[in-house]
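Structural description and commentary
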Amino acid sequence: MDLESLVNLAAQNGASDLHLEPGLPPAFRVRGTLKTAEEALPAKVLLEMAHQVLGEDHWPQFVERRSADFSRTLRGVRCRINVLQTSRGVGFAIRLLTSFQATLESLNLHPDLKKLITHSHGLILVSGPTGSGKSSTLAALIQEINLTDTRHIVTIESPIEYTFRPRRSYIRQREVGRDTPSFEQALLDALREDPDVLMVGEMRDPETMRLTLNASETGHLVLATVHSSTCAEALQRVVSAFPSEIQSGVAAQLADALVAVVTQRLRFRPELNIRVPECEILMASHAVKSFIRNRDFFKIVSSLETGAEHGMWTFQRYRTWLENRTNWHMPGKSTEAAEVETAETSPPPPMLPVFTPAARNPKLEKKPLPTGPGDGTRAPGRIEIEPDMEFGKILKRPGE
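Here the structure is a predicted model, which is why all the values come from computation and not from measurement.

**Observations concerning the overall build of the protein**
The helix and strand inventory of the protein stands at eleven helices and 13 strands. When each of the 400 residues of the protein is scored for burial, the buried share is 51%. Element-wise, carbon and sulfur atoms account for 51% of the exposed surface of the protein, whose accessible area totals about 18400 Å².

**Brief notes about the packing of aromatic side chains**
Evaluation of the coordinates by the stated rule reveals three aromatic pairs. Taking the centre distance of 5.3 Å and the plane angle of 40° together, the rings of Trp 59 and Phe 62 count as tilted. Placement of the pair is Trp 59 and Phe 62 together in helix α2 (residues 43-65), with a separation of three residues, close to one helical turn. Across this residue pair, the class does not change: Trp 59 and Phe 62 are buried. Here Trp 313 and Tyr 318 contribute two aromatic rings whose centre-to-centre distance is 5.9 Å and whose plane-to-plane angle is 80°, an arrangement assigned as edge-to-face. An identical accessibility class is assigned to Trp 313 and Tyr 318; each is buried. A cation over an aromatic ring shows up here: Arg 317 above the ring of Trp 313, its NZ or CZ 4.4 Å from the ring centre.

**Some details on the nonpolar core**
A general trend in soluble globular proteins is that nonpolar side chains are found buried together. In terms of nonpolar packing, the biggest core is built from 78 residues, with Leu 223, Leu 235, Leu 282 and Ile 292 touching the most fellow members. If near-sequence neighbours (up to four positions away) are discounted, Leu 223 is found in contact with Ile 124, Leu 138, Leu 141, Ile 142, Val 197, Leu 198, Met 199 and Val 200. Ala 15, Val 30, Leu 54 and Ala 68 belong to the second-largest nonpolar core, a separate cluster that totals 30 residues.

Criteria and cut-off values
Residues numbered from 1 in each chain as written. Predicted model: local features only at pLDDT ≥ 70, side-chain atom pairs only at ≥ 80, totals over all residues. Heavy atoms only, no water. Helix = DSSP H or I, 4+ residues; strand = E, 2+ residues; numbered from the N terminus. Buried < 20%, exposed > 50% of the residue type's maximum accessible area, 1.4 Å probe, protein only. Areas by Shrake-Rupley, 256 points an atom, 1.4 Å probe, with all protein chains shown as cover. Phe/Tyr/Trp six-rings, centres within 6.5 Å; stacked < 30°, edge-to-face > 60°. Lys NZ or Arg CZ within 6 Å of the ring centre and 35° of its normal. Core = buried A, V, L, I, M, F, W, Y, C linked by side-chain atoms within 4.5 Å. Contact = heavy atoms within 4.5 Å.

Now the structure itself:
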């Protein structure tokens, strides 16, 4: 069984993730629970899958780094793929992305979220644990702007998960590693690209957070994600990422720029047989801004509980709204045709020279992976992230 067949099997079973490990059966995450197949996968088979999906040009970089992140479309399913070296050999962690165009309605989110994108500038944070649907909610907010307003939208993602088709807005999507060397460089570039809306896939480090805050202060509406379980924790995490001597200034900057924080988690509803997001929504009222500026994050909880008139939602109030809801959107019943990116309809972009080509590493040629023979005859360089399987045929290495 090849990788495409496994992805197709995962999609048919409604899985959100697919895990492949040598000597173990394939594991599918369905509605948050792992389910395994019966037959184990040999290490040699997975090694061949990895070699095929990475291609000859990218294989030496994987041998050196022991991991690779990229996105591909397999059997019509958009996938975010992580190939990794483990103690057993080469494994895969694959996230299957939805093929429909994400909207607030299709994700069963509260319509109050539409009010967030009416702002012309400021910062909107979408937070939650891994696998809680942050990227989907972010894509739904961008799509809402795309359908209703004429704005210039620039997205910075690693990798691109949802491909937007411009409707009323003018949309540019940049993928870290393929179109730009880093989030930092892309944010610096974006300030010179006349954007109205910036979408930052993930704020991972203080420098990215600093540039994101700066962009939200200079007349842009910025949407970004951060990992946290509550709104207060999301704000505290941003501030605490910086050195203690500048946290007061960062807190003041965050208070001035903040529009809202949306924290979500997914909960399975057996009567519908689907998982729906439960949200906590914090609006930047005067009291909330004061708490952030003084770094009294523990007081934000009381503002959430008493801030219904400002459009705030606690998890409990939001759960009550879900219990009373009757008009659910069911997957697969969307009136809008699925917009699936395939190699035939979306040819790869012309390649530019590699940003920082690495010199030939003689040690790399002598260090194959433990589970099989690696191809170490090519000079190492940057792993390009590209959804098109034909990408390796047009990539030109320095000196060729």
